[in-house]
Amino acid sequence: MRLVGTSDASTTARTADGPAGPRVVVLGRLPGDAVERLRARHTVHYRDEDSTAPAEEVLRLVSGADALVVTLGHRVDAAVLDAAGPQLRIVANVAVGYDNVDVATCRERGVLVTNTPGVLTDATADLAFALVLMVTRRLAEAEREVRSGQTAGWGMFHLLGTSVQGKAIGILGPGAIGLATARRARAFGMDVLLSGRSAPDPADVRALQARVVPFEELLASSDVVSVHTPLTPATLHLVDASALARMKPAAYLVNTARGPVVDEAALVAALEAGTIAGAGLDVFEDEPRVHPGLRERDDVVLLPHIGSATIETRTAMADLAADNVLAVLAGDDALTPVG
Ligand code: DGY
């Protein structure tokens, strides 16, 4: 028996005689037993590495795939779809955001795209609010001080931050994660403003005692602006120089959504000019690169895109992606199709 297209011992055999049923290609290491469950039913090529495969390797690996399971760093565009071939039925993205997948081209070619909504809402909202506290209370700066051995300890005016109680958080993009972040903010005594393309459920607005306001009002009235919009052509650089200029000089920007929603060069300029007070960022315009003007600033907290990074959440994401593939290859409806 000859293994085709791989030198990886973790690969289920695909014989030179032809495919042993639908072929599933999994690009990226997954926690839990998602891959085992796929293997129980299908021929699986598993790229068991926690890194993004180089583009040329992706083109080689996807050849002949009926289903692709892709982690976030992997782009699925026309070239990948061409390399996969016309039998491809589903691209299961292991993330809720799917700006890495060319959904329009998938649709044109009859390839279904799925994502992982719901299962990462709490983990990401926890991290968003952690960033709110980190940046307003200067926690990263304080931790660096202790770690460096440079601290003089307690001081009346030492590392003074600002309180969140009684302040307003503006949720830009009141979807599931935005609303979950707003609930955490309410628990910390913050007022909630909401703004986005689609109107939130009135019951959520009432429960949060929130106000739905236009984008400009949210910017001007919030003490913390927390970004939760998906990345689309309409939200690319939504928070640009003019949006930042509308914010209060004492306000903070938090972004746990997608880096390109914020114009990073404009953010650096705004921080340098004192247009806003600071930023907490889990995502960047050109990940994993971070603008050098951000790295050197104490009023900025930088995290490496870990919003959903708990073992429970990542396992649930992997499970949902696998379940989508299993359903579609069995001829059933996808659980969480995109669009
Ligand atoms: C998502 O799911 O879109 C997150 O950004 C990755 O965990």
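Everything below is about the structure printed above this text.
Since the model is a prediction, treat every value here as computed from it, not as a measurement.

Visitor: I'm lost on the nonpolar core in this one. Help?
Guide: The nonpolar side chains of a soluble globular protein tend to be buried with one another. Of all hydrophobic cores here, the largest spans 28 residues; its most connected members are V227, V239, L244, M247, L253, L267 and L294. In terms of residue count, helix α11 (residues 264–273) provides more of this core than any other element does, five residues in total. The residues contacting L267, other than those within four sequence positions of it, are L244, L253, V262, I276, A279, L281 and L294.

Visitor: Hey, could you run me through the site of the ligand in this one?
Guide: Around the ligand lies a shell formed by L72, A95, V96, G97, L120, R258, H305, S308, R314 and M317. R258 places a side-chain nitrogen or oxygen 2.7 Å from an oxygen atom of the ligand. Between the ligand and S308 there is a distance of 2.5 Å, counted from an oxygen atom to a side-chain nitrogen or oxygen. Residues belonging to the shell around the ligand are distributed by class as follows: five nonpolar, three polar and two charged.

Visitor: Would you mind showing me how to read the sheet that holds strand β11 (residues 278–281) here?
Guide: Remark on secondary structure: sheet strands pair via backbone hydrogen bonds, oriented parallel or antiparallel. Across the sheet, seven strands lie side by side as β8-β7-β6-β9-β10-β11-β12; this open sheet has parallel pairing. Each end of this open sheet is capped by a strand with a single partner; those strands are β8 (211–212) and β12 (300–302). Judged from the four bridges that link them, strand β10 (residues 252–255) and β11 form a sheet pairing that is parallel. Bridged to N255 within β11 is L281. Most of the contacts of helix α5 (residues 121–136) go to β10, to which it runs at about 150°, and overall it touches β6 (168–172), β9 (224–227), β10, β11 and β12. Running over the sheet, helix α7 (residues 176–187) touches β6, β7 (191–195) and β9 and is turned about 175° from β6.

Visitor: In this structure, what is going on with the pattern of salt bridges? I would like to understand it.
Guide: It is possible for side chains of opposite charge to pair when their charged atoms get near one another. All told, the structure shown has 19 salt bridges when counted by the stated rule. With its nearest N and O atoms 2.8 Å apart, the salt bridge here joins R258 to D99. Residue R258 is found in the loop between β10 and α11, and its partner D99 is found in the loop between β4 (90–93) and α4 (103–108); the two are separated by 159 residues along the sequence. For R258, a relative accessible area of 12% corresponds to the buried category. If you follow the salt bridges from partner to partner, you end up with D33, R37, D319 and D323 in one network.

Visitor: Is there a simple way to explain the side chain of S308 in this structure?
Guide: When you line up the elements, S308 lands in the loop between β12 and α13 (311–329). The buried category is assigned to S308, whose relative accessible area is 11%. A polar contact is formed between the side chain of S308 and the side chain of R314, at a distance of 2.9 Å.

Cut-offs used in this document
- Residues numbered from 1 in each chain as written.
- Predicted model: local features only at pLDDT ≥ 70, side-chain atom pairs only at ≥ 80, totals over all residues.
- Heavy atoms only, no water.
- Core = buried A, V, L, I, M, F, W, Y, C linked by side-chain atoms within 4.5 Å.
- Buried < 20%, exposed > 50% of the residue type's maximum accessible area, 1.4 Å probe, protein only.
- Helix = DSSP H or I, 4+ residues; strand = E, 2+ residues; numbered from the N terminus.
- Contact = heavy atoms within 4.5 Å.
- Near = heavy atom within 4 Å.
- Polar contact = N/O pair within 3.5 Å; in protein donor to acceptor, adjacent residues only side chain to side chain.
- Nonpolar A, V, L, I, M, F, W, Y, C, P; charged D, E, K, R; others polar.
- Pairing = 2+ DSSP bridges.
- Axes fitted to C-alpha atoms, helices over the stretch in contact; angles between N-to-C directions.
- Salt bridge = Lys/Arg side-chain N within 4 Å of Asp/Glu carboxyl O.

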